[in-house]
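Analysis of the macromolecular model
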Amino acid sequence: MTELTLSDLGWSNFFNSQLELDELESTEPARITAVHRSAVATLSPSGTRDLVLPQGMSTGDVAVGDWVLAHPSEHRVLRRLARQTSLQRGTEYHTTDRQLIAANLDTLFITTSCNADFNVARLERYLALAHDADVTPVILLTKADQAEDPDSFVDQARTLGRELEVIALNAKADDVTETLAHWCGKGQTVALAGSSGVGKTTIANALTGGAAATQAIREDDARGRHTTTGRSLHRIPSGGWLIDTPGMRGLGVAEVSAGIDATFPEISELTDQCKFRDCAHESEPGCAVLAALEAGEITADRLHRYKKLKREDAHATETIAQARDRQKKFGKMVKSAMTKKKR
Ligand SMILES: Nc1nc2c(ncn2[C@@H]2O[C@H](COP(=O)(O)OP(=O)(O)OP(=O)(O)O)[C@@H](O)[C@H]2O)c(=O)[nH]1
Ligand SMILES: [Zn+2]
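On a predicted model such as this, the values are computed, not experimentally measured, just so you know. (Residues numbered from 1 in each chain as written. Chains lettered and ligands numbered in written order. Predicted model: local features only at pLDDT ≥ 70, side-chain atom pairs only at ≥ 80, totals over all residues.)

**Details of the overall build of the protein chain**
Tallying secondary structure elements over the protein chain gives 11 helices and 13 strands in all. Looking at the protein chain residue by residue over its 343 residues, the buried ones come to 36%. Contacts in the protein chain between residues at least 24 apart in sequence constitute 66% of all its contacts with a sequence separation of at least 6. (Helix = DSSP H or I, 4+ residues; strand = E, 2+ residues; numbered from the N terminus. Buried ≥ 20, exposed ≤ 12 C-beta atoms within 10 Å, placed from the backbone. Contact = placed C-beta atoms within 7 Å.)

Next up, the structure:
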């Protein structure tokens, strides 16, 4: 047994309302803390358990942070519940499907440093992914202690969103937990994203209290064991949960057009007013975006980056659609070959 209640683990009405009457009695909700080769590690009020997935569900269909319904006595998953949020990224080579990174995240700490790593285009890319996933983005600017003028970085980052939270900090200082407490309360789930060396591990260790917190979840060592993704869920002493996401360094965008629009609201809000529905905002007559640019209401830099990200997204989305199409055709071919054989 643990001291944890379902709501301590992040359970809410959103999940509760997905349960059928009989499931309320006969199943146990559990949260996935790690995905192994053929099973998932879970945590529930009754403790930690490894569960096998039902037929037809593979480890690629679940992510750390997911809620599942477990059989009350047998160590198996009955079904996965719908996600409140799901953070995905385009695959590296833009060939197959997108990759699911974390499920049911509340906040993504987009991390960069007050130095040469700071890059608005990269921040906007992360913002688009977070917005598309319905996850609240918070920008963390580390190494503020080493910068001459950290406020100039804060000011630049603040221009990237209307209600965007931007925090400059020293990831090695004692007050990191306190600074980020607002997002790490009871049942809240967070993750860190950013380039190599910006301080993600340093912040993660500060939040979870390092190895000790990891052990509190799984006495039998979650980290040492081979997980398929390397991702895992860790307790934050203030009541929150951190999803460790080692693959979150460089990110391609795909199928996040809505997220890009949300990242550039001052531009996307105008596109409906363009004369042509498929306006590319290049030189078309009656373009509301170009008119706003002319009037100084939007900046050329933001417009340039908006278009670039949209193009990349459109290209990746198209490539994924083609790959899915090929897969479908191949599936049909195999099926028809099999039927012919049977005859
Ligand atoms: N002075 C100072 N050093 C920092 C700060 N944040 C990180 N560092 C140092 O920068 C180095 C890299 O930090 P990490 O936490 O390992 O960075 P990371 O983002 O986890 O890097 P990867 O694991 O490669 O993705 C370490 O030596 C940290 O001690 C900061 O805010 N101030
Ligand atoms: Zn236009």
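**Points about unusual backbone geometry**
The backbone phi angle of Asn 104 is positive, close to 55°, even though this residue is not glycine. Mapped onto the fold, Asn 104 is located in the loop between strand E7 (99–103) and strand E8 (107–113). The class for Asn 104 is buried, based on 28 C-beta atoms found within 10 Å. Here His 281, not a glycine, exhibits a phi torsion of approximately 55°, which is positive. Position of His 281 relative to the elements: it lies in the loop between helix H9 (265–268) and helix H10 (288–294). With 21 C-beta atoms packed within 10 Å, His 281 lands in the buried category.

**Some remarks on the site of ligand 1**
Around ligand 1 there are 16 residues in total, and Ala 171, Ser 196, Gly 199, Lys 200 and Thr 201 lie nearest to it. Looking at the shell around ligand 1, the element that brings in the most residues is helix H6 (residues 200–208), giving 3 residues. Its residues assigned to classes, the shell around ligand 1 shows 2 nonpolar, 9 polar and 5 charged. (Near = placed C-beta within 6 Å. Nonpolar A, V, L, I, M, F, W, Y, C, P; charged D, E, K, R; others polar.)

**Comments concerning the domain arrangement of the protein chain**
You can read the domains of the protein chain as domain 1 (13–80), domain 2 (86–244) and domain 3 (257–342). Counting residues at the interface gives 15 residues for domain 1 and 17 residues for domain 2. With 4 residues, the top contributor of residues to the side of domain 1 that touches domain 2 is strand E1 (residues 28–35). Classifying every residue of the side of domain 1 that touches domain 2 gives 7 nonpolar, 5 polar and 3 charged. (Domains from an automatic or database assignment.)

**Some details on the nonpolar core**
Ranked by internal contacts, the top residues of the largest apolar core, which has 73 residues, are Val 64, Ala 102, Leu 108, Ile 110, Leu 141 and Ala 191. The element contributing the most residues to this core is helix H3 (residues 120–133), with 7 residues. Ignoring sequence-local partners within four residues, the contact set of Val 64 consists of Ile 32, Thr 33, Ala 34, Val 35, Ala 102, Ala 103, Arg 231, Ser 232, Leu 233 and Ile 243. (Core = buried A, V, L, I, M, F, W, Y, C linked by C-beta atoms within 7 Å.)

**Looking at the pairing of E8**
Across the 7 residues that make up E8, a large majority, 7, are buried. Burial along E8 is two-sided: Thr 107, Phe 109, Thr 111 and Ser 113 and Leu 108, Ile 110 and Thr 112, pointing in opposite directions, are all buried. Of the pairings in the sheet, the one linking E8 to strand E9 (residues 136–142) comprises 7 bridges and is parallel in character. Across the sheet, Ser 113 pairs through a bridge with Thr 142, a residue of E9. Pairing of E8 with strand E11 (residues 189–194) involves 5 bridges; the strand directions are parallel. Bridge pairing links Leu 108 to Ala 191 in E11. (Pairing = 2+ DSSP bridges.)

**A word on the pairing of strand E10 (residues 165–168)**
One face of the sheet, then the other: side chains in a regular strand alternate in exactly this way. Side chains of E10 alternate between two faces, with Val 166 and Ala 168 buried and Glu 165 and Ile 167 left unburied. Judged from the 4 bridges that link them, E9 and E10 form a sheet pairing that is parallel. Bridge pairing in E10 places Leu 141 opposite Ala 168.

**Let's talk about the environment of Lys 186**
Position of Lys 186 among the secondary structure elements: in the loop between helix H5 (176–179) and E11. What makes Lys 186 partly exposed here is the crowd of 14 C-beta atoms within 10 Å. Between the alpha carbons of Lys 186 and Asp 66 there is a distance of 17 Å; along the sequence they are 120 residues apart. Contact partners of Lys 186, with chain neighbours within four places excluded, come to Asp 8 and Gly 239.

**Some words on the confidence of the model for the protein chain**
Overall, the predicted model of the protein chain reaches an average pLDDT of 88, with 89% of residues at or above 70. This model gives residues 212–227 a pLDDT under 50, and the stretch forms 26 contacts once residues within four places in sequence are excluded. With a pTM of 0.87, the predicted complex shows an ipTM of 0.96. (pLDDT = per-residue confidence, 0-100.)

**Brief notes about H3**
End to end, H3 covers 20 Å across 14 residues, agreeing with the expected 20 Å (1.5 Å per residue, within 8%). Counting buried residues along H3, 11 of its 14 residues qualify, which places the element largely inside the surrounding structure. For H3, the set of buried residues is Leu 123, Glu 124, Arg 125, Tyr 126, Leu 127, Ala 128, Leu 129, Ala 130, His 131, Asp 132 and Ala 133. The first or second residue beyond H3 is Asp 134, which carries a positive phi of 65°. (Expected span 1.5 Å × (residues − 1).)

**Section: the environment of Leu 9**
As for its position among the elements, Leu 9 is in the segment before helix H1 (13–16). Between the alpha carbons of Leu 9 and Thr 48 there is a distance of 12 Å; along the sequence they are 39 residues apart. Apart from the residues within four sequence positions on either side, Leu 9 is in contact with Leu 4, Arg 31, Leu 43 and Gly 187.

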